[in-house]
Amino acid sequence: MAVDVDSVPDSGEAAGALLHNLTLFTRLLRAAGFTAGSDDLLAGVDALKFIDINNRCDFYFALRAAFVTRREELDPFRLLFDHFWRVPHPAHPLPPRDAQGAMPGLDQDGPTRQGESESAVVGVRLGRSDEASGAGGGWAGYSPAERLRRRDFSALTRAEREAVARLLQRLGERQTRLRPRRRRRRARRGDVDWGRTMALSRRTGGEVTTWLYSRTKERPQPLLIFADISGSMALYTDTLLPWLWALARWPGRRVEVFLFATRISRVTTILQTREADIALAQVSHQVEDWAGGTRLGQALMTFEREWGGGLMSKRPVTLIISDGWDRGDPALLGRAVTRLRRSSTRLVWLNPLLGDPAYAPLTRGMAAARPFIDDFLAAHNLESIEALIGKL
Amino acid sequence: MPNESVLPATIDDLQRALLQHAYIADRGLATSLFLALKLGRPLLLEGEPGVGKTEAAKAMAAVLGGELIRLQCYEGIDASQALYAWDYPRQLMHLRYLEAQGEAFSETELYASRFLLKRPLLQALEGEDETPRVLLIDEIDRSDDEFEAFLLEILADFQITIPELGVVRAQTRPLVILTSNRTRALHDALTRRCLYCWIDYPDFDAELAIVQARAPRAAELLARQATGFVQALRAEELYKRPGVAETLDWVQALVALDQTALEEEWIQATLGVLLKDQADLAHISDGAWQGLWAGIRSR
């Protein structure tokens, strides 16, 4: 599929060839996960009319302007461009992102990282199938459903896991049932509601006797969720994903979901896909390091820098799902959690290990974060998740 | 200066014209701006705070010799604040006046355009003359989804219908520049309508050029050292990295203090111009800056 840009002369036939190649290129981009459609192709073609396509630099930038729609696509685009058009990309006039974006300890291994661990979730799901089915057998006296409610997520059989996934999804949908908000509502104070004031004045023959007011109703605070997907937590978080999916679609409320281990990724948009199965499959594509170690402090710092501005000013309810096994610097974690707490309405920490009566939060990470947590709760079985109602 | 409104014919021309207005655009940004102009498509500019997204729109307006119409987005912004609203108090006064005069009135009179409050979007559509205007929709990520959908509609055909007055259609399409600080992801439908450009922090040479263009009073040595210092500062672990805007503020602050080169005591005293976050400030002023300073001085 490779094409040499320099060999495209200015004849009609060549223009046709260029169009053909652009079509192929669009297809390649789409296969790589870009949203590129025929609109973008047309924009690309249009764009090329105005530039000198023999100038590789301009050719590259013109196509980039037409096809790229967000920052995350910049690196993959450059790779695909190079691959397809077989020319070295123009010397990038700006320093590579790592020069200013990388942090010590966060190894940035370039744009190929998407999709590296595609089927990790599935692997986890299948891997832990039956060997644990004997555990938790001491629940005689409970109905099967009741037993399932109290069963630790790590001790589920494959069939139970599917049942739990469905239950969690429904549970989430129930917990998010909230009246849709109205943009403006009547109020005693606020802005004059001219429309209603005038309508009322008709009763008194056009004489305004009563002023009516309205104001914008406040939205509920955003919900901000950080879920740990490092090795020790992968199983729990994987089980909880259907629940997170339901929370992410909370009507009338802004919900943001981030998954972290050594790095942090925003998965809100993907989770908001209508079909749960598709959403969950895509999350596993997106996430860079399932089952690595944890560096919560650095992850939170990255979060605050990349996405924090608009979110933190709205005083979200913040939910962290992690067991607190942190390999990063405890001082950094302490600082990051302090900041998070200060700008949140409430900080809720869900720790699956709390399901174990013998557990004490002694790990360095947990000890650093514990003083700033408002609600420190278990999240190891259905019952504990049900109990969260009203805490979010 | 009507001559200035001639559209730049090539990317080079545009880059040079922007330079004349003290705006330094790299090739990628210049290409995007050029294409936005030629294709009549909106351009979405993203980048860290303070890299010159808003300035790009201002510079474009200066290059085109047209008006800059700015719509600052915020949470809860809606059509009546962005597009138009009827001036109810004035209508009421008008009615009272007619009543007092004992005159009859017709309803159409009440909905004349003099009772219309024109908000930025309508202003951008309405311009009579041929001068290209620049519509800057600033910090679109702060508005909410509903407003984004509404904006999408306007950007699709550059016309709106006011029920009482009729259709308003743009004679010449304004150059539309949207900026976002990425506090939330924008909807695909909107981003796909737009050309896209990410503005990164400039490298040393580019930033030095910006400093020299924007703060011409700064001594050469000061400009170099300050730029180098900020560049090094950005590599530190900070919550809020200083943008180009901060570099410029800092250089100007140092010029105001009659400095012609960086000096230790003044770095310490003016760090607050660069770092606007208490934790960052504490981290850097606790000694981290001396290492950076040593690096700069040894060059």
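No experiment lies behind these values; they were computed from the predicted model shown. (Residues numbered from 1 in each chain as written. Chains lettered and ligands numbered in written order. Predicted model: local features only at pLDDT ≥ 70, side-chain atom pairs only at ≥ 80, totals over all residues. Heavy atoms only, no water.)

Chemist: Would you mind showing me how to read the overall build of chain B here?
Modeler: On a plain count of helices and strands, chain B comes out with 14 helices and 9 strands. Nonlocal contacts in chain B, meaning residues at least 24 apart in sequence, comprise 74% of its contacts between residues at least 6 apart. Carbon together with sulfur atoms contributes 50% to the accessible area of chain B, which is approximately 13,100 Å² in total. (Helix = DSSP H or I, 4+ residues; strand = E, 2+ residues; numbered from the N terminus. Contact = heavy atoms within 4.5 Å. Areas by Shrake-Rupley, 256 points an atom, 1.4 Å probe, with all protein chains shown as cover.)

Chemist: When you look at the overall build of chain A in this model, what are you seeing that I'm missing?
Modeler: Helix and strand counts for chain A come out as 16 helices and 9 strands. Out of the 392 residues in chain A, the part that is buried amounts to 49%. At a minimum sequence separation of 6, the contacts of chain A that also span at least 24 residues come to 73%. If you sum the accessible surface of chain A, you get close to 18,300 Å²; carbon and sulfur atoms cover 52% of it. (Buried < 20%, exposed > 50% of the residue type's maximum accessible area, 1.4 Å probe, protein only.)

Chemist: For this particular structure, what's the right way to read the environment of R274(A)?
Modeler: Residue and element names in this part refer to chain A. By the secondary structure assignment, R274 is in the loop between helix 11 (268-271) and helix 12 (276-286). Owing to a relative accessible area of 64%, R274 belongs among the exposed residues under this scheme. For the pair R274 and R249, spaced 25 residues apart in sequence, the C-alpha separation works out to 8.5 Å. When residues no more than four places from it in sequence are discounted, the contact partners of R274 are W245 and R249.

Chemist: What's the story with the interface of chain B and chain A in this structure? I'm lost.
Modeler: The figure often quoted for interface size is the accessible area lost as the parts come together. Each partner contributes residues to the interface: chain B has 48 residues there, and chain A has 55 residues. Buried area between chain B and chain A, both sides added, is near 4,900 Å², and the carbon and sulfur share of it is 52%. Remark: the boundary between chain B and chain A carries 7 salt bridges. E75(B) is paired through a salt bridge with K314(A); the nearest N and O atoms lie 3.9 Å apart. Here chain B is connected to chain A by 6 residue pairs in polar contact (both at pLDDT 80 or more). (Buried area = accessible area lost by both parts, 1.4 Å probe. Salt bridge = Lys/Arg side-chain N within 4 Å of Asp/Glu carboxyl O. Polar contact = N/O pair within 3.5 Å; in protein donor to acceptor, adjacent residues only side chain to side chain.)

Chemist: When you look at the sheet that holds strand 1 (residues 43-47) of chain B in this model, what are you seeing that I'm missing?
Modeler: Residues and elements named next belong to chain B. The strand order across the open sheet built from 5 strands is 2-5-8-1-9, with neighbouring strands paired in parallel fashion. For this open sheet the edge positions go to strand 2 (68-72) and strand 9 (195-199), each flanked by a neighbour on one side alone. Adjacent strand axes in the sheet meet at a mean angle of 20°, parallel and antiparallel pairs treated alike. Relative to strand 8 (residues 175-180), strand 5 (residues 134-138) runs parallel, the two sharing 4 bridges. Bridge assignment links L136 to a residue of strand 8, and that residue is I177. (Pairing = 2+ DSSP bridges. Axes fitted to C-alpha atoms, helices over the stretch in contact; angles between N-to-C directions.)

Chemist: What exactly am I supposed to notice about the confidence of the model for chain B here?
Modeler: Close inspection of predicted coordinates is inappropriate for parts of the model with low pLDDT. The predicted model of chain B has a mean per-residue pLDDT of 88, with 98% of residues at 70 or higher. Per-residue pLDDT stays below 50 along residues 1-5 of chain B; that stretch engages in 6 contacts with residues further than four places along the chain or on separate chains. (pLDDT = per-residue confidence, 0-100.)

Chemist: Help me out: how do you make sense of the side chain of E207(B) in this one?
Modeler: Residues and elements named next belong to chain B. Looking at the secondary structure, you find E207 in helix 10 (residues 204-214). At a separation of 2.9 Å, a polar atom in the side chain of E207 contacts the side chain of R234. Among residues more than four places away in sequence, those in contact with E207 are P202, T227, V230, Q231, R234, V244 and T247.

Chemist: Looking at this structure, how should I read the packing of aromatic side chains?
Modeler: In this description, an aromatic ring pair is defined by two values, namely the gap between the centres and the angle between the planes. Residue and element names in this part refer to chain A. Here the structure, examined in full by the defined rule, presents 25 aromatic pairs over all chains. With centroids separated by 5.5 Å and ring planes inclined at 85°, the aromatic side chains of W194 and W211 adopt a geometry described as edge-to-face. Of this pair, W194 sits in helix 9 (residues 194-201) while W211 sits in the loop between helix 9 and strand 3 (213-216), and the two are 17 residues apart along the sequence. Owing to a relative accessible area of 18%, W194 belongs among the buried residues under this scheme. Residue classification places W211 among the partly exposed residues on the basis of a relative accessible area of 40%. Ring geometry for F258 versus W307: centroids 4.9 Å apart, planes at 55°, classification tilted. Taken together, the residues span a long stretch of sequence, with F258 in strand 5 (residues 255-260) and W307 in helix 13 (residues 296-312) at a distance of 49 residues. The exposure classification of F258 matches that of W307, with both residues buried. Among the aromatic residues, those joined into a ring-pair cluster are F25, F34, F59, Y60, F61, F67, F77, F81, F84 and W85. It is R253 that lies over the ring of W250; its NZ or CZ is 4.4 Å from the centre. (Phe/Tyr/Trp six-rings, centres within 6.5 Å; stacked < 30°, edge-to-face > 60°. Lys NZ or Arg CZ within 6 Å of the ring centre and 35° of its normal.)

Chemist: Would you mind showing me how to read a negative patch on the surface here?
Modeler: Residue and element names in this part refer to chain B. On the surface, E67, E128, D129 and E130 cluster together into a negatively charged patch. Relative to the helices and strands, D129 is located in the loop between helix 7 (120-126) and strand 5. Given a relative accessible area of 43%, D129 falls into the partly exposed group. (Patch = residues over 30% accessible without salt bridge, like charges linked within 9 Å, V, L, I, M, F, W, Y side chains within 5 Å. Lys, Arg positive; Asp, Glu negative; His and termini not counted. Charge placed at Lys NZ, Arg CZ, Asp CG, Glu CD.)

Chemist: For this particular structure, what's the right way to read the sheet that holds strand 5 of chain A?
Modeler: Residues and elements named next belong to chain A. An order of 6-5-4-7-8-9 is seen for the 6 strands of this open sheet, with the pairing classed as mixed. Looking at the sheet topology across the chains shown, the edges are occupied by strand 6 (264-266) and strand 9 (375-378). Direction aside, the axes of adjacent strands within the sheet are offset by 20° on average. In the packing of helix 10 (residues 234-248) onto the sheet, the strands contacted are strand 4 (223-228), strand 5, strand 7 (317-321) and strand 8 (346-351), and the crossing angle to strand 4 comes to about 165°. Its contacts with the sheet place helix 14 (residues 330-343) against strand 4, strand 7 and strand 8, and it is angled at close to 130° to strand 8.

Chemist: How do you make sense of helix 8 (residues 158-175) of chain A when you look at a structure like this?
Modeler: What sets the pattern is the α-helix's 3.6 residues per turn: residues three or four places apart point alike. Relative to the 26 Å expected for 18 residues at 1.5 Å per residue, helix 8 of chain A spans 25 Å between its end C-alpha atoms, a close match to the ideal helical length. Listing the buried residues of helix 8 of chain A in full gives E160(A), R161(A), A163(A), V164(A), L168(A), L171(A), G172(A) and Q175(A). (Expected span 1.5 Å × (residues − 1).)

Chemist: Looking at this structure, I do not really get the packing of helix 1 (residues 11-20) of chain B against helix 2 (residues 27-39) of chain B. What am I missing?
Modeler: Axes are the key here: two packed helices are described by the angle between their axes and the distance separating the axes. Residues and elements named next belong to chain B. Taken N-terminus to C-terminus, the directions of helix 1 and helix 2 make an angle of 105°; their axes are 9 Å apart at the nearest point. Viewed along their axes, helix 1 and helix 2 adopt a mutual orientation that is roughly perpendicular. On helix 2, the residues that touch I11, D12, L14, Q15 and L18 of helix 1 are R27, A30, T31, L33 and F34. For the contact of helix 1 with helix 2, the per-class residue count stands at 6 nonpolar, 2 polar and 2 charged. (Parallel < 35°, antiparallel > 145°, perpendicular 65-115°, else oblique. Nonpolar A, V, L, I, M, F, W, Y, C, P; charged D, E, K, R; others polar.)

Chemist: So what exactly am I meant to see when it comes to the nonpolar core here?
Modeler: In globular proteins that are soluble, nonpolar side chains generally tend to be buried together. Formed by 97 residues in total, the largest nonpolar core has its most connected members in F25(A), L63(A), F77(A), L121(B), I137(B) and L178(B). Broken down by element, this core gets its largest block of residues, 9 residues, from helix 3 (residues 56-67) of chain A. The contact partners of F77(A), leaving out residues within four places of it in the chain, are F25(A), L29(A), F34(A), Y60(A), L63(A), R64(A), F67(A) and V68(A). With 44 residues, the next largest nonpolar core counts F153(A), M233(A), A379(A) and L382(A) among its residues. (Core = buried A, V, L, I, M, F, W, Y, C linked by side-chain atoms within 4.5 Å.)

Chemist: Please clarify how unusual backbone geometry should be interpreted in this entry.
Modeler: Note: most residues except glycine have negative phi, and most peptide bonds are trans. Residues and elements named next belong to chain B. Phi at F158 takes a positive value of approximately 50°, unusual for a residue other than glycine. In this fold, F158 is placed in the loop between helix 8 (145-157) and strand 6 (159-162). Classification of F158 as buried rests on a relative accessible area of 3%. The phi dihedral of D258 falls on the positive side, at around 60°, and the residue is not glycine. Within the secondary structure, D258 is located in the loop between helix 12 (244-256) and helix 13 (264-274).

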